Amino acid sequence: TRRSASAPHRDLGSYLDNLAEVYRRQRRLQEAEDCVKEALAIFERTIGPNHPDSVVALERYARVLRAAKKSEAGRVMDKVKSLRAKDDRGIPQVP
C-alpha cells in the first residue's frame with residue numbers, strides 16, 4: 001500500500017487520478033477506487049471540491065463505482081452534474 005505524505009501536493013492527486021483510470025481500464029476496480037478516492041481527498045485539500053480537476057476526479061470515481069456495479073455510482077454522478085452546473089462561486093453556469 002501507498003503512504004501519503006503529510007501534506008500531499010496537487011501533482012500527487014493528478015498522478016493518482018490518472019493511475020485510477022489505468023486501473024479502471026484494466027478492470028482492477030478496487031485499486032482504481034482506492035487511487036481515485038485518495039486523489040479526491042488530495043484535491044479537496046489543495047484546490048477545493050469545486051475545482052474542475054476535483055470534478056473530473058469525482059466523475060472518474062463515479063465511473064469506477066458504476067463499473068464495479070456499486071449502488072452509490074448514480075448519487076456520485078448526480079453530484080458531478082450538480083457541480084458542473086455551477087461555477088466556483090456556486091453560481092449556475094449559463095449553457
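A brief report on the enclosed structure follows. By convention here, each chain's residues receive numbers from 1 onward along its written sequence. Local features are withheld for residues below a pLDDT of 70 in this predicted model, meaning they are given only at 70 or higher, and side-chain atom pairs are given and counted only at 80 or more; totals for whole chains, interfaces and linings count all residues. Just so you know, side-chain values use all the structure's heavy atoms and leave hydrogens and water out.

### As for the overall build of the protein
The line we're drawing: Secondary structure elements are taken from DSSP: a helix is a run of H or I of four residues or more, a strand is a run of E of two residues or more, and numbering for both begins at the N terminus. For the exposure calls, accessible area comes from a 1.4 Å probe over protein chains only, and a residue counts as buried if that area is under 20% of its type's maximum, exposed if over 50%, partly exposed in between. Here, two residues are considered to be in contact whenever any of their heavy atoms come within 4.5 Å of each other.
Check the secondary structure of the protein and you find four helices and zero strands. Beginning at the N terminus, the succession of helices and strands in the protein can be written as α-α-α-α. Classification of the 95 residues of the protein by burial places 38% in the buried group. Across the protein, every contact between residues at least 6 apart in sequence was considered, and the portion connecting residues at least 24 apart equals 52%.

### Thoughts on helix H1 (residues 10-25)
Quick reminder of the rule: Between the first and last residue of a helix there are one fewer steps than residues, each counted as 1.5 Å, and that sum is the expected span.
An ideal rise of 1.5 Å per residue puts 22 Å on 16 residues; H1 measures up with 23 Å between its terminal C-alpha atoms. For H1, the complete set of buried residues consists of Gly-13, Leu-16, Asp-17, Leu-19, Ala-20, Glu-21 and Tyr-23. Summarising the contacts, the buried residues of H1 are in contact with helix H2 (29-46) and helix H3 (52-67).

### Describing the side chain of Ser-54
Among the structural elements, Ser-54 can be located in helix H3. Under the relative-accessibility criterion, Ser-54 is labelled buried at 2%.

### Some thoughts on the nonpolar core
Our working definition: For this analysis, a nonpolar core means a set of buried residues of the types Ala, Val, Leu, Ile, Met, Phe, Trp, Tyr and Cys, connected via side-chain atoms within 4.5 Å.
In this structure, Cys-35, Leu-58, Tyr-61 and Val-76 are the most contacted members of the largest nonpolar core, which totals 23 residues. Looking at this core, the elements with two or more residues in it are H1, H2, H3 and helix H4 (73-84).

### With respect to the pattern of salt bridges
Using the following cut-off: Within this document, salt bridges are pairs made up of a side-chain nitrogen of Lys or Arg and a carboxyl oxygen of Asp or Glu, the two lying within 4 Å of each other.
A full pass over the atoms with the stated rule returns 10 salt bridges. Close ionic contact of Glu-21 with Arg-24 constitutes a salt bridge, the shortest N to O distance being 2.7 Å. In this pair, Glu-21 and Arg-24 are both assigned in helix H1, three residues apart and thus about one turn of the helix distant. Overall, the relative accessible area of 12% leaves Glu-21 in the buried class. Among the salt bridges present, the one from Arg-25 reaches Glu-21, with a minimum N-O distance of 2.7 Å. Taken together, the residues Arg-25 and Glu-21, both in helix H1 and four residues apart, mark about one turn of the helix. Note on Arg-25: relative accessible area 65%, which makes it exposed. Overlapping salt bridges, with partners in common, bring together Asp-17, Glu-21, Arg-24, Arg-25 and Arg-60 in one network.

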